[in-house]
Amino acid sequence: MTEIFGVPIQALFGQLMLGLVNGSFYAMLSLGLAVIFGLLGVVNFAHGAMYMLGAYVAWLGYDGIDLTHVQVGSTVLNLGIKLQFNFWVALIVGPLVVGLIGVVVERLLLKRLYKLDPLYGLLLTFGLSLIAQGVFLQYYGSSGQSYDTPEALSGATNLGFMILPNYRGFVVAASLVVCFGTWFLIERTRLGSLLRAGTENPALVQAFGVNVPLMVTLTYAGGAALAGLAGVLAAPVIQVTPLMGSNLIIVVFAVVVIGGMGSIVGSIVTGLVLGLVEGLTRVFYPEASNVVVFFIMAIVLMIRPAGLFGKEK
Amino acid sequence: MSWLGQGVDRAGRIAWIVALALLVVAPFLGVYPIFIAQALCFAIFAMAFNLLLGYTGLLSFGHAAFFGGAAYITAWLLQQQHLTPELALLGGVLAAAAAGLVIGAIAIRRQGIYFAMVTLALAYMLSFFFLEAPFTGGENGLQGIERGKLFGLCSLEGDLALYFFVLAIFVGVFLLVLRIVHSPYGQVLKAIRENEPRAISLGYNVDRYKLLAFVLSASIAGLGGALKVLVLHLATLQDVRWEQSGEVILMTLLGGLGTFAGPVVGAFVVVGLQNYLSDRAGAWTTVIIGAIFVLCVVAFRKGFVGELLAWQKRRANKS
């Protein structure tokens with residue numbers, strides 16, 4: 001077997017692939033954070049909770065959501081249906097559900113904070129993620145639930161230099177497609193140009209007859225849906241737990257600080273690269289793999305405080 | 001002590017004296033002293049946090065690292081190095097100050113929302129250290145810590161002795177923070193909070209002021225955490241986690257951001273609420289705390305003390 005720096009090449013590529021999978025999630029989440037921050041000026045702490053929600057929608061759908069015995073207090077409602085859906089349906093349902101929650105959150109709560117210091121948005125969404133986390137802990141406990149890999153993507157392909165589990169390949173490809181789609185939507189379409197104009201000067205865009213409040217709501221919902229989609233994609237590769245989002249969101253915050261929130265491409269590239277770096281660390285110095293992102297963040301702050309892709313103010 | 005009077009009106013001073021008298025007699029009125037002592041530790045923590053957010057305008061989302069980190073160091077010094085409590089406390093505070101210096105120096109390179117994210121990330125990194133380090137007992141933390149004898153003379157094992165020790169330190173911290181806030185240094189901090197570019201153009205080395213505020217705040221937060229070890233006989237992972245950082249924000253916000261009494265009131269409310277809920281609500285406690293957070297941000301941003309002050313002002317304007 002071939003070795004590089006004393007590490008079997010199979011293991012090296014295996015970890016790199018795993019890093020790329022994690023990096024895909026970082027990219028999708030930091031992309032959503034960046035888009036929301038750009039237009040709303042809110043750092044969405046609840047992004048982690050939304051990712052968790054997406055994963056739970058998938059898991060619950062697989063198990064079947066029995067709506068014939070909905071217990072509300074002491075009364076039992078019979079809605080007469082049992083919802084059950086597979087992974088492919090979850091890919092649609094997950095983002096939809098999370099996006100709808102996003103609409104409610106924005107219309108009901110975030111809307112009241114736009115004139116205030118952005119710190120309040122962070123605090124509000126922090127409170128929301130505590131609520132979501134607590135509810136799921138209460139009902140499903142802290143132990144992890146596993147979700148079977150969809151049939152069509154089970155198994156692995158031998159690429160010669162490594163054996164690639166099909167599902168991991170799919171996750172990376174899917175997230176690249178989604179990231180590219182989002183970039184295209186924002187940078188190359190009319191809707192995107194309105195969005196970017198709204199980021200610069202919302203009052204002026206509104207004066208041109210654009211419904212800015214609606215755009216803001218949809219942007220938040222879109223970012224939330226991206227997080228939900230990442231959650232559905234993550235369900236088969238990780239343990240689904242109520243805490244999966246809160247642990248990830250802190251890493252994603254570090255990713256965002258490293259990349260700078262100003263640029264779409266920046267968020268995507270930084271996310272993927274940091275995933276790879278984490279994978280490499282897991283091969284050569286596993287003890288540091290949990291914290292390497294934070295080390296890089298500290299170094300970047302020392303050398304280039306605005307972040308790699310950020311603009312100095 | 002003329003500075004005691006600055007910015008504190010007569011009603012305020014009377015309120016403080018009544019509160020202090022209540023705290024002194026509370027254990028004799030049947031209130032469980034350990035409960036108040038614990039609340040006082042959190043009150044110290046929240047005052048430290050308020051010094052940073054309320055008076056300097058810096059939102060640290062990682063203050064639990066100093067609170068819980070100092071707790072671990074103090075517990076380790078007491079249990080494994082057999083130091084006397086005052087030295088163990090000092091060790092904990094120094095450790096928190098050192099951590100504050102490093103984290104602060106990195107974090108003040110960014111402003112506003114980024115500052116919050118950077119402190120959150122660095123504190124999270126530190127919590128990994130306390131999970132993995134050989135001397136911290138992993139998931140269990142350090143338990144069964146003996147309080148020992150103050151200066152090797154006076155045993156703190158009795159709950160009453162401990163309570164008055166904690167109360168004395170609380171009063172000391174209170175006066176210290178009051179002094180800091182009303183000193184010329186404190187005025188510069190407020191100037192930075194209100195308008196940082198102007199403070200720079202006036203020739204202040206803003207970064208040095210901010211860093212010193214951060215280190216002071218981290219040290220005082222550490223003192224709160226270190227004291228809590230003596231009160232509860234343990235240091236746990238929970239105290240370094242980000243949820244704890246969130247909780248101190250809630251205490252400060254609920255009590256009244258940037259008001260002097262707010263954090264103390266908020267700490268008592270939150271600790272009391274948690275004690276009340278812990279046997280009754282289980283995991284719902286997190287949900288309720290989260291809901292209070294949301295309500296507070298949406299509709300109650302001034303907090304208890306802030307609302308009270310605003311009400312007082314309205315009344316004064318009417319007459």
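Rules used throughout
- Counting restarts for each chain, with residues numbered from 1 along the sequence as it is written.
- Whichever chain is written first is A, and whichever ligand is written first is 1; the rest continue in order.
- Predicted model: local features are reported for residues with pLDDT of at least 70 only, side-chain atom pairs are reported and counted for 80 or more only, and whole-chain, interface and lining totals are derived from all residues.
- Only runs of H or I of at least four residues qualify as helices and only runs of E of at least two qualify as strands under DSSP, and these elements are numbered from the N terminus.
- We compute the radius of gyration over the C-alpha atoms and compare it with the globule rule, which gives 2.2 Å times the number of residues raised to the power 0.38.
- In this scheme the burial state of a residue depends on its C-beta neighbours within 10 Å: 20 or more other such atoms mean buried, 12 or fewer mean exposed, and anything in between means partly exposed; the C-beta positions come from the backbone.
- The contact criterion used here is simple: two residues whose C-beta atoms, placed from the backbone, lie within 7 Å are in contact.
- Orientation is described by lines fitted to C-alpha atoms, with helices fitted over the stretch in contact, and by angles between N-to-C directions that extend from 0 to 180 degrees.
- Throughout, the term roughly parallel applies to angles under 35 degrees, roughly antiparallel to angles over 145, roughly perpendicular to angles from 65 to 115, and oblique to all others.
- Here the term charged refers only to Asp, Glu, Lys and Arg, the term nonpolar to Ala, Val, Leu, Ile, Met, Phe, Trp, Tyr, Cys and Pro, and the term polar to all other amino acids, Gly among them.
- Given the number of residues in a helix, its expected span is that number minus one, multiplied by 1.5 Å.
- Each residue gets a pLDDT score, which is the predictor's confidence in that residue and runs from 0 to 100.
- The bend reported for a residue corresponds to the angle between axes fitted to the seven residues ending at that residue and the seven starting there.
- The hand of a helix crossing depends on one turn: near helix anticlockwise from the far one by less than a right angle means left-handed, and clockwise means right-handed.
- To form a nonpolar core, buried Ala, Val, Leu, Ile, Met, Phe, Trp, Tyr and Cys residues must be joined through C-beta atoms within 7 Å.

**Observations regarding the overall build of chain A**
Within chain A, the regular secondary structure consists of eleven helices and eight strands. The C-alpha radius of gyration of chain A comes to 20 Å, within 12% of the 20 Å expected for a compact globule of 313 residues. Projected onto the principal axes, the alpha-carbon positions of chain A cover approximately 65 × 55 × 35 Å. Expressed as a percentage of its 313 residues, the buried residues of chain A come to 49%.

**Brief notes about the overall build of chain B**
On a plain count of helices and strands, chain B comes out with 13 helices and two strands. Projected onto its principal axes, the C-alpha positions of chain B cover 55 × 45 × 45 Å. Burial status across chain B gives 50% buried among its 319 residues. Partitioning the contacts of chain B with sequence separation of at least 6, the portion at a separation of at least 24 is 77%.

**Comments concerning the packing of helix H2 (residues 33-56) of chain B against helix H9 (residues 206-232) of chain B**
Residue and element names in this part refer to chain B. At a closest axis distance of 9 Å, the pairing of H2 and H9 adopts a crossing angle of 170°. One finds that H2 runs roughly antiparallel with respect to H9. Broken down by class, the residue content of the contact of H2 with H9 amounts to 20 nonpolar, five polar and two charged.

**Some words on the interface of chain B and chain A**
Taken together, the contact pairs 30 residues of chain B with 31 residues of chain A. A total of twelve residues in the side of chain B that touches chain A trace back to one element, the largest contributor, which is helix H5 (residues 112-132) of chain B. Its residues assigned to classes, the side of chain B that touches chain A shows 24 nonpolar, four polar and two charged.

**Overview of helix H1 (residues 9-40) of chain A**
Residue and element names in this part refer to chain A. In a regular helix each residue adds 1.5 Å, so 32 residues correspond to 46 Å; H1 covers 45 Å between its end C-alpha atoms and thus fits that length. Most of H1 is tucked away: 25 of the 32 residues are buried. Where H1 ends, the next residue or the one after it, Gly41, has phi of about 65°, a positive value.

**A short note on the confidence of the model for chain B**
Residues and elements named next belong to chain B. Across chain B, the average pLDDT comes to 89, with 97% of residues at 70 or higher. Counting interchain partners and residues more than four positions distant, the pLDDT-below-50 stretch residues 1-6 has four contacts. At the level of chain-chain contacts, confidence expressed as ipTM amounts to 0.88, with global pTM at 0.90.

**A look at the environment of Arg188 of chain A**
All names here are of chain A. By the secondary structure assignment, Arg188 is in helix H5 (residues 166-188). For Arg188, a count of 9 C-beta atoms within 10 Å puts it in the exposed group. As for Arg188 and Glu278, which are separated by 90 residues in sequence, their C-alpha atoms are 32 Å apart.

**Focus: H2 of chain B**
All names here are of chain B. The end-to-end C-alpha separation of H2 is 33 Å, in line with the 34 Å expected for 24 residues at 1.5 Å each. The largest bend in H2 comes to about 35°, at Asn50. Of all the 24 residues making up H2, 22 are buried; the element is thus mostly covered by neighbouring parts of the structure.

**Some details on the packing of helix H9 (residues 244-259) of chain A against helix H10 (residues 264-284) of chain A**
Residue and element names in this part refer to chain A. Put simply, H9 and H10 touch, their axes get as near as 9 Å, and they point 120° apart. Looking at the two axes, H9 sits oblique to H10. For the pair H9 and H10, the sense of crossing is right-handed. Taking contact as the criterion, the partners of Val255, Val256, Ile258 and Gly259 in H9 are, on H10, Gly266, Ser267, Thr270, Gly271 and Leu274. A per-class count over the contact of H9 with H10 returns four nonpolar, five polar and no charged.

**Focus: the nonpolar core**
By size, the foremost hydrophobic cluster in this structure holds 206 residues, and its most contacted members are Ala55, Ala254 and Met297 of chain A together with Ile44, Met117, Ala121 and Leu122 of chain B. Counting residues per element, this core draws most heavily on H2 of chain B, which supplies 17 residues. The contact partners of Met297 of chain A, leaving out residues within four places of it in the chain, are Ala254, Val257 and Ile258 of chain A together with Ala121 of chain B.

**Structural notes on unusual backbone geometry**
Residues and elements named next belong to chain B. We note that His82 has phi near 55°; this positive angle belongs to a residue other than glycine. With respect to the helices, strands and loops of the structure, His82 is situated in the loop between helix H3 (64-79) and helix H4 (85-107). When the 10 C-beta atoms within 10 Å are taken as the criterion, His82 is described as exposed. The phi dihedral of His233 is positive, around 65°, even though this residue is not glycine. For His233, the location among the structural elements is in the loop between H9 and helix H10 (242-255).

**Looking at the environment of Arg168 of chain A**
Residues and elements named next belong to chain A. Counting through the fold element by element, Arg168 comes out in helix H5. By C-beta crowding, Arg168 is classed as buried, having 20 other C-beta atoms within 10 Å. As for Arg168 and Leu194, which are separated by 26 residues in sequence, their C-alpha atoms are 35 Å apart. Beyond its immediate sequence surroundings of up to four residues, Arg168 is in contact with Met17, Val21 and Val237.

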